[in-house]
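Examining the three-dimensional arrangement
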Amino acid sequence: TEASEFDKIYKLGVISIPTNRPMVRADQPDLVYRTEGAKYDAIIDDIVERYGNGQPVLVGTVSVEKSERLSGLLKQRGIAHTVLNAKHHANEAHIVAQAGRKGAITVATNMAGRGTDIMLGGSVEFLADEELRANGLDPIEHSEEYEAAWPKTHERIAQQVKDEHDEVNDVGGLYVVGTERHESRRIDNQLRGRSGRQGDPGESRFYLSLEDDLMRLFKSDWVDWVLTTMKIPDDVPIENKRVTGAIASAQGQVESQNFETRKNVLKYDDVMSRQREVIYGERRQVLEGADLHEQVRRMIDHTVEGYVVGATAGFPEEWDLPKLWTALKTLYPVGVSEEELEDEAGGREMLTRDYLVEALTGDAQNAYDAREELLGADVMRELERRVLLSVLDRKWREHLYEMDYLREGIGLRAYSQRDPLVEYQREGFELFTAMRDSIEEESVGFLFNVEVNVEPQAEQPAADRLAPGQATPDSADQVAELDDEVDELDGQAASGVERPEADLDHDHGDPDDHGHDGGVHPQVVAKGLEPVAPTRLAYSAPTVDGDAGTEVQVDAQADEYAGVSRNEPCPCGSGRKFKRCHGDLAHRTAQGSSRP
């Protein structure tokens, strides 16, 4: 039913896969009634008749409310049945597996029981497990006795199910009743498909009324006029292929509307998809260890140029150069003064924007060269990757929140005669561009201002050196320490704290010691606050049986239960499984402590 949508959206074809065995289910024509009450009366009468013959019945409803209403009507008639909806989801697989037993009546919503076959006569495994549990053999508490009794019980139940399967076949197999048509023909077909599996007999029928939601879409006033003109009573259905075809046409119209809605959502998602491809591509380069040196150089030029352009609007006499220099000093250690540039240009009035951009970008590149010379090329390359990765991840998370906020209210633009999709694309691009600029600015600031100690390491004997390309333990330490420092500066940036000036503490010898000769490798130590783990953790969680949550206190000390699998024996020596002993939060709380 959605073949055209798959073709237009995903460019995929759809083919029909033949059934494993010939399908012999009888799909009866729809029965249409004038009122909803008359429709339910006819459904109950049909179910009572099938129940008397021992034929299993599956009743599909469109909502929990409708299933509860139908269940109440069945109780009034004294018909034993089970209800499967969102209120009874715990035993979903068990209810559906037994829906094919003789005389079983199951009332379910259209989404209930998906993925579980309804087997005529019942499920052997479920029935065998149910009998063993009834005899007091729990698969967890009495695992050995349970396993010993399973083969004989399974064999006996299998023969019982086979006999009942033949009886159900004789009365016509599973009978599927639809209480009304759904908006999609696909859901109706899925409901019908519960019957007649694997060549078994079956039957299906849908009961409709003029008060159904879908019927209101199909000129229900005209149908009502026809029925009234023909003097047809409320309890007499109209069984006509033209009416059924018209209903299918109404479903097709609703499906088309839903398709347009999904297609429109896809257009919005395409905006984020393109942005995601760009960000993930850059992030992948960082993770794969790409050399970001040239990219960082371009980021420095672009950031400094942005600062200068923002501060040089109007005539040179109107420029606030002290403010520009103050802003630049928070970015990198400026090596030139405004007076020096004015003297070189021949006065304040001779200054131009291009001259300032060229002079300050050159000064920033010189400062970066000096920093790289002090830290060493290897450390600088790793610092570039770590800083860019940290800033990019944080800014991308913030951008996702901003795009969500934009998406929530963009539909209101339609009131001002603007296309919400076009507005979303335009403003989304503006936010993305602002995010990219922010990533460059903060990355440059962190690279210049991160506080680092470079300490030499004693040269290792040649026999202890690792092969080229093999990571050393110190490289992992450098990475972890750089992460701590970058995280600290990230927190300062997020809280609005001004970045500290570059404060480098260097203690190293010859610069050649920091090269690629495989001799002395620098160890990077980041100064700053390290994250402190909580000394006591409080949380709430449900028990293993799904009961109400319980408050648990956990000390930050060694816990002998840490890392124990749920099905392993409990370390306390009780002989019970961990999930039934100290792995159960309620049990641990009752002990008065989370530790033994």
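Quick look at the structure, then. (Residues numbered from 1 in each chain as written. Predicted model: local features only at pLDDT ≥ 70, side-chain atom pairs only at ≥ 80, totals over all residues. Heavy atoms only, no water.)

Quick notes on the packing of aromatic side chains
Inspection of every chain in the model, using the stated rule, returns six aromatic pairs. Aromatic side chains Tyr33 and Tyr207 sit 6.5 Å apart centroid to centroid with 15 degrees between the ring planes, which places their arrangement in the stacked category. You can see Tyr33 sitting in strand β2 (residues 31–33) and its partner Tyr207 sitting in strand β7 (residues 202–209), a full 174 residues away along the chain. Under the relative-accessibility criterion, Tyr207 is labelled buried at 4%. Pairing Tyr368 with Phe448 gives two aromatic rings, centres 5.6 Å apart and planes at 75 degrees, and the pair type is edge-to-face. Residue Tyr368 is located in helix α14 (residues 353–375), and its partner Phe448 is located in helix α16 (residues 420–449); the two are separated by 80 residues in the primary sequence. Judged by relative accessible area, Tyr368 falls into the buried class, the value being 0%. For Phe448, a relative accessible area of 2% gives the class buried. These aromatic residues form a ring-pair network of at least three members: Tyr332, Tyr368 and Phe448. Positioned over the ring face of Tyr40 is Lys39, at 5.0 Å from the centre of the ring. Directly above the ring of Tyr175 sits Arg50, whose terminal nitrogen or CZ lies 3.7 Å from the centroid. (Phe/Tyr/Trp six-rings, centres within 6.5 Å; stacked < 30°, edge-to-face > 60°. Helix = DSSP H or I, 4+ residues; strand = E, 2+ residues; numbered from the N terminus. Buried < 20%, exposed > 50% of the residue type's maximum accessible area, 1.4 Å probe, protein only. Lys NZ or Arg CZ within 6 Å of the ring centre and 35° of its normal.)

Comments concerning a nonpolar patch on the surface
On the surface, Phe6, Tyr10, Leu12 and Val14 cluster together into a nonpolar patch covering about 400 Å² of accessible area. Turning to its location among the elements, Tyr10 is positioned in helix α1 (residues 3–10). (Patch = residues over 30% accessible without salt bridge, like charges linked within 9 Å, V, L, I, M, F, W, Y side chains within 5 Å. Areas by Shrake-Rupley, 256 points an atom, 1.4 Å probe, with all protein chains shown as cover. Salt bridge = Lys/Arg side-chain N within 4 Å of Asp/Glu carboxyl O.)

Overview of the side chain of Glu384
Relative to the assigned elements, Glu384 resides in helix α15 (residues 377–409). With a relative accessible area of 1%, Glu384 lands in the buried category. In this view, Glu384 contacts Leu292, His293, Val296, Tyr368 and Leu447; residues no more than four positions away in its chain are not counted. (Contact = heavy atoms within 4.5 Å.)

A look at a negative patch on the surface
Together, Asp301, Glu305, Asp354 and Glu358 make up a negatively charged patch on the protein surface. Those elements giving two or more residues to the negative patch turn out to be α11 (293–311) and α14. Tracing the backbone through its elements, the reader meets Glu358 in helix α14. (Lys, Arg positive; Asp, Glu negative; His and termini not counted. Charge placed at Lys NZ, Arg CZ, Asp CG, Glu CD.)

Topic: helix α3 (residues 64–76)
With 13 residues, α3 extends 19 Å between its outermost C-alpha atoms, agreeing within 8% with the 18 Å of an ideal straight helix rising 1.5 Å per residue. Residues Lys66, Ser67, Leu70, Ser71 and Leu74 constitute the buried set of α3. Summarising the axial view, the buried residues of α3 lie within an arc of 135 degrees, below the 170-degree limit, and thus occupy one face. More than 90 degrees from the buried face of α3, the exposed residues found are Glu65, Lys75 and Gln76. Packed against the buried residues of α3 are α2 (36–53), β3 (57–61), β4 (82–84) and β5 (105–109). Following α3 by one or two positions, Gly78 has its phi on the positive side, about 75 degrees. (Expected span 1.5 Å × (residues − 1). Arc of directions from axis to C-beta.)

Things to note about the pattern of salt bridges
In this structure the tally under the stated criterion is 38 salt bridges. Between Glu255 and Arg185 there is a salt bridge, with the nearest N and O atoms lying 2.8 Å from each other. Note that Glu255 is positioned in helix α10 (residues 241–287) and Arg185 in helix α7 (residues 185–192), a separation of 70 residues in sequence. A relative accessible area of 10% means that Glu255 is categorised as buried. Note that Glu423 and Arg426 form a salt bridge whose closest N and O atoms lie 2.8 Å from each other. Placement of the pair is Glu423 and Arg426 together in helix α16, with a separation of three residues, close to one helical turn. Here the salt bridges do not stand alone but share partners, grouping Arg25, Asp27, Asp30, Arg181, Asp188 and Arg192 into one network.

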